[in-house]
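# Examination of the molecular architecture
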Amino acid sequence: MQLNVGTSDKKQYRLITLDNGLECLLIHEPPTEEEDEIEESETGSDDSSDDGDDETQRAACAVVVGVGSWADPEDTPGAAHFLEHLLFLGSKKYPAENAYDGFLAKRGGSSNAHTDVEHTSYYFDVLPGAFREALDIFAQFFVSPSFNPDMVAREVNAIDNEFNETRRDDAARLDELLYVAGAPAGHPFATFTWGHAESLRHGDASAVAAVKALYRDHYHASNMKLCLVAPAALDETEAWCRESFKHVRASPSTCPAGRWRRTSWDAPPAPLAPPFAAGASALARVAPARDAARDLRLVWPLPSIRRKWRTRPCDLAAHCLGHEGPRSALAQLRRSGLAAGLVAGVSGDGVSDSVACGALFAVSVDLTEAGVARWAEVVGCVLAHARACLRELCDDTLGRLSAELRKVERLNFDFEEDGEVDDLVEGLAALMLAHDGVDREHLLEVAGGCLLAPFDDDAIEVLRVLADPTKCRVELSTAAFRGDECPPEVPCAPGCPRCAGRGGFHAALAKLMPAKPPPPPASNDVPATWAPFAHLATRRPAESPQIEPRFGTEHWTAPVPPSLIEAWSACDDWPALGLPAPNAFVVDAPLLKPGSTKARPAPSNEEEADAERAARACKDFADAWRRRAGGPAKKKRKGKPSSADVALSKLVEGFPAAPDATDAAPALIGDVWVLPRPDRFELPTLYVRARLTGSSKPTVTDAATLQLVSALVADAVAEDLYPATVAGLDYTISAVLDADALALSLKCGGFDEKVPALFDALLRGVRRAADEVVEPRAFAAAKSEVALSLENAWHDADRHARRLRLCCLAPGRRFAPAQRRAALQSVDAVACQRWLRNFLDGCSRSALVGGNGAADAARSVDASLRTVSTVATARTCGPVARLPRCHAYHVDAAGEDAEGRACALECYWQLGPDSPASRLLADLLEAVIDEPLYDQLRTKEQLGYSVSCGSRWTDGIVGFGICVTSKEAHPDYVAGRVDAFLREFRREVMKPSFAEDLVEHGAALALRRGEKHRSPREVADHAWEGIYDGRPDLFDSHIVEALACGSVAPAAVRAAYDRMFGLGACAPADGAACCAGKLVVRVVGRAATFAEGRGPDGPPRAPGCRVAYGPAAAGLGVCSDAAVVEIGEALSEFWGANDEACCLGRFDELE
């Protein structure tokens, strides 16, 4: 069957069904015509590259099974989620528990899975040369999983950790409350889908039996769909697919009985009793987990819409109510200072758009501080907007809206940019299930979001439901509902300078993270109609709360007062509400303009020399790898080739012939960088990236004011520019606070015909914010929203640890959220506008224009920018604290969430100034360490759900970091386990076999670095990163670093490992200066409790910084007796602008 494809889609598709009934969609992306011509001229052959790695950067596969959490046995909630975890732990053919993840890690791959309520998805991506073997390992998930009993208890703990990670997430808490309220116990809608240790009975025999029964009943061929994309020819991938998946069980003739059931394997799930059968009308007041929250959500249950994929009836209401134009509810609420954001529609979270239980349409509103007391008025505005749209709908207006959206979505489909391949295959496989009933010829169109038919009466009926206040569930979550009982702060240790009344570290810490100032008084100008209901949001109810049983959420749910229903029904306070106006940003017929794949124009002598050296490196690349792997003798060995030789052969197949085969680098034309559209992208899209950079060293007030300015500008342009986002364009306005100087970032993109006008509109919004008087209510709303975001910025322990590390490394330039929030309180409208004028008077500009017609568009962009600034930016990186060798800096802090249990450990080792060599080393270490670290600390030791490592780039300084978040282990204990892992893993690094492992990791890294970007947006963003970071070498960094992989010897990596982590001969000692300086940040949850044997090393320490050097700096442990010092005094040495010394030496010359 032929699938309908977009105009620019060059991929080939094939649908097949295996003998066992498994339906598969195979995708092949052939090389472009241009690359075929290049290959022919270089090789003298017209042999196409169906068997190579030419242009497909990744191969990927997904299998989606038509069963999810709603099929959990009633006595084992979480069983489907548990099953998902267990399938990763080995099979009969590949019994090693880490066979799958370990294989992918060495070949540049990754994997994931998620359990929805009606289906479960499994997917992976990998470098093309390893796809065949990865596919076979993956297939065994569905053929013969081992269900190893030795690992069951551990995975139950992993699920428990995953649930605990989510317990403080307000969105998840609110959703769980909705599910419990929507149906009685025993109904699938009320299923506890997460699961935890208790619900899974700690993995006892009965729980495992329930999981195996779920697998037996539902994991078979006709209840699965497979989708893959690979560089090999379709005939070859079909053969692989048939061979690996032929042993998947054929489906039985009958479907199993149960609460959630199927009538046949080619039919959708059987309908269930709809949720909220007695009516959804209710007012739920919910205590949030965050210290600051102002959330309002309206929810309406609807019949299922999944199988109405041609007309998508909920899209009309989502478009009208979610619009931000002048006649929208959000525009009116912004002008009144009551709301900062509004989102409308049916979420794709599985529950909200289920087949069996129907849909849930929601309108979520971000209230301002003034809007909290006037929440009832906000609800009235939303309902009034639905009624206004209904009044204006007729055949003509409905036809206009249908035609407009269909045109936009068809253009987006025809010229869609490629995204991540794992997202592609997972989305298509899920859509192939019988749940949606999508005709195969329309599969790609539906996946691409096309509206295939005009809106009909179903769409109007949805609006009628939304206009009825008696059918709406109202959920209100504000900080006023939180209780007063909060755990005490972590006490200071005896002798703490702060407690003794002296200065020391705590004085600096108080400046960095001052106590939260009291919020300004809320507005009391509540209209008389809504005044009787204000207290429902501003005070905690006197009666005892109801407790949601899974997350422990406090709430007060009761019927909506009849007087309030009557007030909402009669609300006519918003006469300006109505349907969206015709969209002026819709493009008629996008046209391609000449592109370019040439190297930089007029290269300098130095650039020509670099290209010549890189070409020589390409030629010598394979020899370098073979020498590192043990010499050419391995190539001659008979029998099965070594894994190093296999990796090498794939590397040589896919590696570019020379550096100039990469995309062109941007050229500076005038004051704007111009990046032509590569001819391989036949897409009429254009992207503009620009910054206005301040001229002076920032203060904390400057940083807070710039954040407020960006919010004001975004609000000011929203009404005019929201239609652009509907028409397939996008834009962002944001404050850049982490550079050497403050900057206002402006980004936009989409169809090139409209992008220059969109960018000019953004700049006009900036100028208006500086020149025109700001409406007081709009200013108060923007200031309230910025203050709220700052108050919640460090709510999560892992983010707190990362950001605190950055504040320590860049003192005086990076300011903590509490510090900015305190400064924001003194900024009024007059001061804000005066600051913006001064900022624009002295700012400099920088910009990049990339994509279709970039050269012509650059002139328009440059002209627009010159109306704001006449000075071009000369970007430099700000000073970064230098961590002396053999020194360890330990920073302790208490979490910001008063009831948070999570603790975070961030370990940072500083390598030195940025260079291709230091970046490559950090990335190689990540490739070597990442999977074993995760396997040991997360999978085996179950320290926490989040374990990661990777390179760190801080304003021109490269480092390496390990981060672990845990709710049952103190950071001291986690640090000890990280220490133990690094020491133990050193044995693997020192083994002779490590040379072969390094070939595999290096080959995978080289291929990843040599990948071309998959879309014009990626090309533009990569080039812009090099420009604003002051790193023009990043234009070609992917090819430069790929070539450098061949120069890294195993001995160099071993030496670097010891030097960075202070092991072996490089262990810290008196007078030694051979190991990297490190910074260890510990954030301890205020309500943290620890499992037995996983607590702190000693008595609680006072928050602060402690320094160790010499032998005391060994490992990651901290001496509690060490003196607390001020951050500014401890980290007073900075890297120089021309400092090229690296603590790791010339690792690339070690043999």
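Scroll up to find the structure.
Every value quoted in this text rests on a predicted model; they were computed, and no experiment measured them.

For the structure on display, the rule yields 71 salt bridges. For the salt bridge of Glu 791 with Arg 821, the shortest nitrogen-to-oxygen distance reads 2.9 Å. Linking Glu 791 in helix α25 (residues 776-791) with Arg 821 in helix α27 (residues 817-824), this pair joins segments that are 30 residues apart in sequence. Using a relative accessible area of 17% as the deciding quantity, one classes Glu 791 as buried.

Glancing now at helix α13 (residues 395-414). What sets the pattern is the α-helix's 3.6 residues per turn: residues three or four places apart point alike. A rise of 1.5 Å per residue sets the reference length of α13, with its 20 residues, at 28 Å; its end C-alpha atoms lie 28 Å apart and thus fit the reference within 8%. Taken together, the buried positions of α13 are occupied by Thr 397, Leu 398, Leu 401, Ser 402, Glu 404, Leu 405, Val 408, Glu 409, Leu 411, Phe 413 and Asp 414. Summarising the contacts, the buried residues of α13 are in contact with α9 (314-321), α12 (375-392), α15 (443-447), α16 (457-466), α23 (700-726) and β18 (743-751).

The six strands lie next to each other as β1-β2-β6-β3-β5-β4, forming an open sheet whose pairing is mixed. Two strands bound the open sheet, and with one partner strand each, they are β1 (12-17) and β4 (110-115). Neighbour to neighbour, the strand axes of the sheet diverge by 10° on average, direction disregarded. Of the pairings in the sheet, the one linking β1 to strand β2 (residues 23-28) comprises six bridges and is antiparallel in character.

Looking now at the sheet that holds strand β8 (residues 294-302). With mixed pairing, the seven strands of this open sheet are ordered in space as β9-β10-β8-β11-β7-β13-β12. Since the sheet does not close on itself, it has two edges, and those belong to β9 (339-346) and β12 (546-547), each with one partner. Taken together, the six bridges between β8 and strand β11 (residues 473-478) define a ladder with antiparallel strand orientation. Along β11, the bridge assignment pairs Leu 296 with Leu 476.

Let us look at the environment of Gln 140. Note that Gln 140 resides in the loop between α4 (131-139) and α5 (149-166). By relative accessible area, which is 7% here, Gln 140 ends up buried. With 47 residues separating them in the primary sequence, Gln 140 and Lys 93 have C-alpha atoms 7.2 Å apart. Among residues more than four places away in sequence, those in contact with Gln 140 are Ser 91, Lys 93, Tyr 94, Pro 145 and Ser 244.

On to unusual backbone geometry. In this structure, Phe 147 takes a positive phi of about 45° despite not being glycine. For Phe 147, the position within the fold is in the loop between α4 and α5. Judged by relative accessible area, Phe 147 falls into the buried class, the value being 12%. In the Ramachandran plot, Cys 886 falls in the positive-phi region, its phi being about 60° despite a non-glycine side chain.

So, on to the packing of aromatic side chains. Counting across every chain of the model gives 33 aromatic pairs. Measuring from centroid to centroid gives 6.3 Å for Tyr 100 and Phe 124, while their planes differ by 85°, and the two rings are edge-to-face. Taken as a pair, Tyr 100 in helix α3 (residues 99-105) and Phe 124 in strand β5 (residues 120-126) lie far apart in primary sequence, 24 residues in all. An identical accessibility class is assigned to Tyr 100 and Phe 124; each is buried. Taken together, a centroid distance of 6.3 Å and an interplanar angle of 85° make the contact between Phe 415 and Phe 751 edge-to-face. Note that Phe 415 is positioned in the loop between α13 and α14 (421-431) and Phe 751 in strand β18, a separation of 336 residues in sequence. Classification of Phe 415 as buried rests on a relative accessible area of 16%. Over the ring of Tyr 1028 we find Arg 691, and its NZ or CZ is 4.0 Å from the ring centre. Sitting above the plane of the Trp 1135 ring, Arg 882 keeps its charged end 3.8 Å from the centroid.

Cut-off values and rules
- Residues numbered from 1 in each chain as written.
- Predicted model: local features only at pLDDT ≥ 70, side-chain atom pairs only at ≥ 80, totals over all residues.
- Heavy atoms only, no water.
- Salt bridge = Lys/Arg side-chain N within 4 Å of Asp/Glu carboxyl O.
- Helix = DSSP H or I, 4+ residues; strand = E, 2+ residues; numbered from the N terminus.
- Buried < 20%, exposed > 50% of the residue type's maximum accessible area, 1.4 Å probe, protein only.
- Expected span 1.5 Å × (residues − 1).
- Contact = heavy atoms within 4.5 Å.
- Pairing = 2+ DSSP bridges.
- Axes fitted to C-alpha atoms, helices over the stretch in contact; angles between N-to-C directions.
- Phe/Tyr/Trp six-rings, centres within 6.5 Å; stacked < 30°, edge-to-face > 60°.
- Lys NZ or Arg CZ within 6 Å of the ring centre and 35° of its normal.

Geometric descriptors of this kind do not, in isolation, establish any biological role.
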